[in-house]
Amino acid sequence: MAIQWYPGHMHKASKEMTEALPQVNLVVEVLDARIPFSSSNPFIQTLCTHKPRIKVLTKLDLADPIITKQWQEYFESQNNTKSLALDLINTDPSGQIIDLINKLYPQQPERNTLAMVTGIPNVGKSTLINCLAGKHIANTGDEPAITKGQQRINLRNGIMLLDTPGILWPKIDNPNSSYRLATTGAIKNTATSYEDVAFFAAEFCLKEYPQHLKQRFSLSQLPETEIELLEIVGRQRGCLRGGNRIDLERASTIFVNELRDGKLGPMSFETPEVIDQEMIQVEILKKEKAVLDELRLEQKAARKRKAKANRKK
Ligand SMILES: Nc1nc2c(ncn2[C@@H]2O[C@H](COP(=O)(O)OP(=O)(O)OP(=O)(O)O)[C@@H](O)[C@H]2O)c(=O)[nH]1
Ligand SMILES: [Mg+2]
């Protein structure tokens, strides 16, 4: 299943971001520490190449700490880029972020540094802004697309923040990335099916985090398949229909929500190494598709020529 979610307000927000860019001194790109590559919008990458950048990996508390370290090293090796991994719920990292902003873009007299806070939906942009402001300024919520328009926030310390709506991009090339985005809650639930997402997540957890599953669901032995796991979840959480059958949709919803909330334990869904391999595969598929598309166009043109010749006869 191809998951895509690019509603009109995201197109508008992308345009507004491009328009605001000339005044922006520095970009704070907010990423989900569980999916640092998949939550990185290629549009933002291209747009902001010439600006100093801080990659803030939020939801550190929900991610696998060893893998988060690998991602930080990976980002720090990029040009003009610094990275921070933060838990915005249980800690107050505002001093750390402000110091880094001032280091990357030293303050100018009589002029605020404009830092654009950007990223995909539901990664914690508004939570980060509230943390920096020290009070509730931007609305936050555990669902994507809470912020719908840009907002400037003067921190009164020489830094002005620009809060922006979360944006995705029109075509997500890597199918694994779309599933990871859906699993972590960046794609609106109505644009996906909980069952599909739960099957993806169950397969991943069985392979990469079997101990988390054993502990959460008190299992002495792991089930062999995704469906068996979801049936266990359904039975334990009372998702039953007539005839004692498992309500798979409800079991899937519960499984995905528990995973999103970190109840299964800290997890990361991708490593730099896995992404390198997947991107090679994506490029191969893209090339194959381009060849097929060209062939289809040639066949269409040949059919047209033949029809024209027949008409002339
Ligand atoms: N566990 C955990 N949750 C976080 C963290 N940062 C943000 N959240 C939660 O993530 C959810 C989304 O946060 P928001 O700040 O609304 O995200 P946003 O990026 O502004 O989202 P949009 O405006 O929809 O694009 C909220 O429920 C936050 O409480 C974190 O570091 N750890
Ligand atoms: Mg927001």
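What counts, and at which threshold
Residues numbered from 1 in each chain as written. Chains lettered and ligands numbered in written order. Predicted model: local features only at pLDDT ≥ 70, side-chain atom pairs only at ≥ 80, totals over all residues. Heavy atoms only, no water. Near = heavy atom within 4 Å. Polar contact = N/O pair within 3.5 Å; in protein donor to acceptor, adjacent residues only side chain to side chain. Areas by Shrake-Rupley, 256 points an atom, 1.4 Å probe, with all protein chains shown as cover. Nonpolar A, V, L, I, M, F, W, Y, C, P; charged D, E, K, R; others polar. Helix = DSSP H or I, 4+ residues; strand = E, 2+ residues; numbered from the N terminus. Pairing = 2+ DSSP bridges. pLDDT = per-residue confidence, 0-100.

(A) Structural view of the site of ligand 1. In the region of ligand 1, 23 residues are neighbours, and L88, K125, T127, A145 and I146 sit closest. The contact in question runs from an oxygen atom of ligand 1 to an N or O atom on the backbone of V123, over 3.2 Å. The contact in question runs from an oxygen atom of ligand 1 to an N or O atom on the side chain of K125, over 2.6 Å. Summarising the interface, the protein chains cover 90% of the accessible area of ligand 1, which totals 660 Å² for the free molecule. Per-class residue counts for the shell around ligand 1 are 9 nonpolar, 8 polar and 6 charged.

(B) Inspection of unusual backbone geometry at higher detail. With phi around 65 degrees, K59 is a residue other than glycine that occupies positive phi space. With respect to the helices, strands and loops of the structure, K59 is situated in the loop between β2 (53-58) and α3 (65-76).

(C) Fine view of the pairing of strand β5 (residues 151-154). Relative to strand β6 (residues 159-163), β5 runs antiparallel, the two sharing 4 bridges. Across the sheet, N154 pairs through a bridge with M160, a residue of β6. What sits between the antiparallel neighbours β5 and β6 is a turn of 4 residues, in which R156 has the positive phi angle 60 degrees.

(D) Summary view of the confidence of the model for the protein. With 99% of its residues at a pLDDT of at least 70, the protein reaches an overall mean of 93. In the model of the protein, helix α2 (residues 42-47) stands out as the element of lowest mean pLDDT, 90, in contrast to helix α8 (residues 210-216), which has the highest, 98.

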